[in-house]
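Spelled out, the chains give:
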Amino acid sequence: MMPGSIIPPALMLLYDEADAVSPYRFVGIGLAAVIFLSVIWLIKKRRLRGEFGWLWLITGVGYFVLAVWNELLEIVASALGISPPSTALFFFGLIFLTAVAVELSVRISKQSEQIKNLAQQLAILEAERTAAEVKGDEGGGVSEAG
Amino acid sequence: MTAVDHGGVVVLIPAYAEEAAIGRVVTSVREAVPGADVVVIDDGSLDETASRARAAGATVLRHPMNLGYGVALQTGYKWALRRGYAVAAQQDADGQHEAEDLPRILAPVVRGEVDVCLGSRFLAEDGATPPAYRAGIVRRLGMRIFGAVASLATGTRITDPTSGFQALDASVLEFFCDDRYPFDYPDADQLITLHRAGFRIREVGVRMYENEDGRSMHGGPIKPFYYVITMGLAILVALLHERVPRPARPAKAAAGEGARPSEAATAEGAPR
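Remember, it's a predicted structure, so these values are computed and weren't measured experimentally.

So, how was this worked out
All residue numbers refer to position in the chain's written sequence, counted from 1. For naming, the first written chain is A and the first written ligand is 1, with later ones following in the order written. Per-residue local features of the predicted model are confined to residues with pLDDT of at least 70, and side-chain atom pairs are confined, for both listing and counting, to 80 or more; whole-chain, interface and lining totals are unaffected and use all residues. Heavy atoms throughout the structure, all of them, feed into the side-chain values; hydrogens and water do not. Numbered from the N terminus, helices here are DSSP runs of H or I no shorter than four residues, and strands are runs of E no shorter than two. To sort residues, take the accessible area from a 1.4 Å probe on protein chains only and compare it with the maximum for the residue type: under 20% means buried, over 50% means exposed, and anything in between is partly exposed. Two residues qualify as a contact provided that any one of their heavy atoms is within 4.5 Å of a heavy atom in the partner residue. Whenever a nitrogen or oxygen atom comes within 3.5 Å of another N or O atom, the pair is scored as a polar contact, on the condition that within protein one atom can donate a hydrogen and the other can accept it, and that pairs from neighbouring residues in sequence are kept only if both atoms are in side chains. Put simply, buried Ala, Val, Leu, Ile, Met, Phe, Trp, Tyr and Cys residues joined by side-chain atoms within 4.5 Å make one nonpolar core. Whether two strands pair depends on DSSP finding at least two bridges between them. Handedness of a crossover: with both strands directed away from the viewer, a clockwise path from the first strand across the helix to the second marks it as right-handed. When a carboxyl oxygen of Asp or Glu lies within 4 Å of a side-chain nitrogen of Lys or Arg, that pair is called a salt bridge. Only Phe, Tyr and Trp rings are paired, with Trp represented by its six-membered ring, and only when their centres lie within 6.5 Å; those with planes under 30 degrees apart are stacked, over 60 edge-to-face, the remainder tilted. Angles here are taken between N-to-C directions and fall from 0 to 180 degrees, while the axes themselves are lines fitted to C-alpha atoms, restricted in helices to the stretch in contact. An angle below 35 degrees is treated as roughly parallel, one above 145 as roughly antiparallel, one from 65 to 115 as roughly perpendicular, and anything else as oblique. Each helix crossing is assigned a hand: it is left-handed if the near helix lies turned anticlockwise from the far helix by less than a right angle, otherwise right-handed if that turn is clockwise. Here a helix's expected span is defined as the number of its residues, less one, multiplied by 1.5 Å. Working note: the arc is built from the helix axis to C-beta atom directions.

Brief notes about the environment of B:Val11
All names here are of chain B.
- Mapped onto the elements, Val-11 comes out in strand β1 (residues 9–15).
- Exposure remark for Val-11: the relative accessible area of 0% places this residue in the buried category.
- The spacing of Val-11 and Val-38 is 27 residues in sequence and 4.9 Å in space, taken between C-alpha atoms.
- With residues near it in sequence (within four places) discarded, Val-11 still touches Val-29, Val-33, Ala-36, Asp-37, Val-38, Val-39, Ala-89 and Leu-102.

Below, the structure written as structure tokens:
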């Protein structure tokens, strides 16, 4: 900790206690800004929708807050008895990303099920339509579907 | 609901890229069971499977993309339920199964003696000679073990748990169309689940041939080991799973009954 420092308690993702004005700080802030702006861009382009847009937006803000106000990380780390503080970042980052990956897998499973059901329904309806057409022009040639 | 009540028998043939064999298979099925409707489920083939099946006289259900053997079967089940068939048989499209054996696997289900009848390549019956079915040693051993496990768990002698040559009562089709049921290849775990749900299972001996062009869904040097491990796990899961009760339905009425299958079709189409 550096109490009484003139420099705002700012740092980057990889905290360097010995050197608060380390250029890494700007790298951290820059990276957070890039992530945040990328998410905004993806949402604007409609390539990221719904709750995942919000999730990554908030994550981007979180990165930014941690990069600018790194004392937060120190406070959390010392409260949990984790040292060095960057370990806390990795720890929670890993938990967060694992949770997101599991959630996405669950969603993919559900969507696979839905796609399967849709494809089956399509196959069934198409066959019924073909059967109806064949019945319709009984005398004529068998209509070939698809 | 466009349920048409056939009350009859449908033969389901899942097919993927089987343009060479499908015409002959459909024709042989139609000759073997003249009263049955033949449905080919084309699992997203890019070749002439669908048109050749149609030309041979089958109804064709076409998946817009390849979804796998198990899903193709389930599409057939959904069709059968929707159209109100009382019994469905399933046969592979590659010429592995002998259509002439269809009546023998259908009979016990049509008569209402059992709900599931499997054609076994290892069971000699009615003078049929069990053919020398060639398979790798690992896979053979796996089938033996899982057959034994399935026999123990179901209290029925199961010699060929992976047989895709089956006849099923409409109640079984309904069970398999439930989204809670993970759908996959026919195998020991499925039989155990069916038994635990209260369905009656029987095996009859049939002839089975090698895949004509040497392809197999279980081929490859690593797959047998993979199969043994996954099936072991699947059986464990099947035994651990909470019992899913078979769909409630009125008792089998006399032959030619109408209400039962169309009820099933309606239930299938209703939103859950």
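Read on for the rest.
Here we look at the side chain of B:Gln90
Residues and elements named next belong to chain B.
- For Gln-90, the location among the structural elements is in strand β4 (residues 87–90).
- In terms of polar contacts, Gln-90 uses its side chain to reach the backbone carbonyl oxygen of Gly-164, at 3.4 Å.
- Residue contacts for Gln-90: discarding those within four places in its chain leaves Leu-12, Leu-73, Tyr-77, Gly-164, Phe-165, Gln-166, Leu-168 and Pro-186.

As for the nonpolar core
- Ranked by size, the top nonpolar core spans 40 residues in total, and within it B:Tyr77 and B:Leu194 carry the most contacts.
- Considering every element that reaches this core, the biggest residue donor is helix α3 (residues 69–82) of chain B, with seven residues.

A few points about the pairing of β1(B)
Residue and element names in this part refer to chain B.
- Summarising burial for β1: seven of the seven residues are buried, a large majority.
- Burial along β1 is two-sided: the residues Val-9, Val-11, Ile-13 and Ala-15 and Val-10, Leu-12 and Pro-14 are all buried.
- Of the pairings in the sheet, the one linking β1 to β4 comprises four bridges and is parallel in character. Paired with Val-10 across the bridge in β4 is Ala-88.
- Bridge analysis of β1 against strand β2 (residues 37–42) gives six bridges, and the strand direction is parallel. Looking at the pairing, Ala-15 lines up with Asp-42 of β2.
- With helix α1 (residues 22–32) bridging β1 and the parallel β2, this β-α-β connection has right-handed handedness.

Observations concerning the pattern of salt bridges
Residue and element names in this part refer to chain B.
- Scanning the model with the defined rule gives 14 salt bridges over all chains in all.
- Asp-101 is the partner of Arg-207 in a salt bridge, and the nearest nitrogen-oxygen pair spans 3.0 Å. Taken together, the residues Arg-207 in the loop between β7 (201–205) and α8 (223–240) and Asp-101 in the loop between β4 and α4 (102–110) connect sequence positions 106 residues apart.
- With its nearest N and O atoms 3.0 Å apart, the salt bridge here joins Glu-113 to Arg-202.

Things to note about the packing of aromatic side chains
Residue and element names in this part refer to chain B.
- A full pass over the atoms with the stated rule returns five aromatic pairs over all chains.
- Where Phe-175 meets Phe-176, the ring centres are 6.1 Å apart and the plane angle is 55 degrees; that geometry is what we call tilted. Like Phe-175, the residue Phe-176 is buried in the burial classification.
- An angle of 70 degrees between the planes, with centres 5.3 Å apart, marks the rings of Phe-175 and Phe-199 as edge-to-face. In this pair, Phe-175 sits in helix α6 (residues 170–176) while Phe-199 sits in the loop between α7 (188–196) and β7, placing the two residues 24 residues apart along the sequence.
- Taken together, Tyr-77, Phe-175, Phe-176 and Phe-199 form an aromatic cluster joined through their ring pairs.

Remarks on the packing of helix α1 (residues 24–44) of chain A against helix α2 (residues 50–68) of chain A
All names here are of chain A.
- Between α1 and α2, whose axes approach to 8 Å, the crossing angle comes to 165 degrees. Classified by the interaxial angle, the pair formed by α1 and α2 is roughly antiparallel. Along this stretch, α1 crosses α2, giving a crossing that reads as left-handed. Where α1 approaches α2, its residues Gly-28, Ile-29, Ala-32, Ala-33, Ile-35, Phe-36, Val-39, Ile-40 and Ile-43 are matched on the opposing element by Gly-53, Trp-56, Leu-57, Gly-60, Val-61, Tyr-63, Phe-64, Ala-67 and Val-68.

Side note on α1(A)
Residue and element names in this part refer to chain A.
- In a regular helix each residue adds 1.5 Å, so 21 residues correspond to 30 Å; α1 covers 30 Å between its end C-alpha atoms and thus fits that length.
- Listed as buried for α1 are Arg-25, Gly-28, Ala-32 and Val-39. With its buried residues spanning 70 degrees around the axis, α1 presents them on a single face. Exposed residues lying more than 90 degrees from the buried face of α1 are Phe-26, Val-34, Leu-37 and Lys-44.
- Tucked into the core, α1 has its buried residues touching α2.
- Of the residues trailing α1, Arg-46 is marked for its positive phi of about 60 degrees.

Observations regarding the pairing of β7(B)
All names here are of chain B.
- Burial within β7 is extensive, with four of its five residues counted as buried.
- Both strand β5 (residues 116–120) and β7 contribute to a ladder of five bridges, which runs parallel. Opposite Cys-117, over in β7, you have Arg-202 as the bridge partner.

Structural notes on α8(B)
Residue and element names in this part refer to chain B.
- Compared with the 26 Å implied by 1.5 Å per residue over 18 residues, the 25 Å span of α8 between its first and last C-alpha is a close match.
- For α8, every residue scored as buried is listed here: Pro-224, Tyr-227, Met-231, Ile-235 and Ala-238. In an axial view of α8, the angular spread of the buried residues amounts to 65 degrees, which keeps them on one side of the axis. Facing away from the buried side of α8 by more than 90 degrees, the exposed set consists of Tyr-226, Ile-229, Leu-233 and Leu-240.

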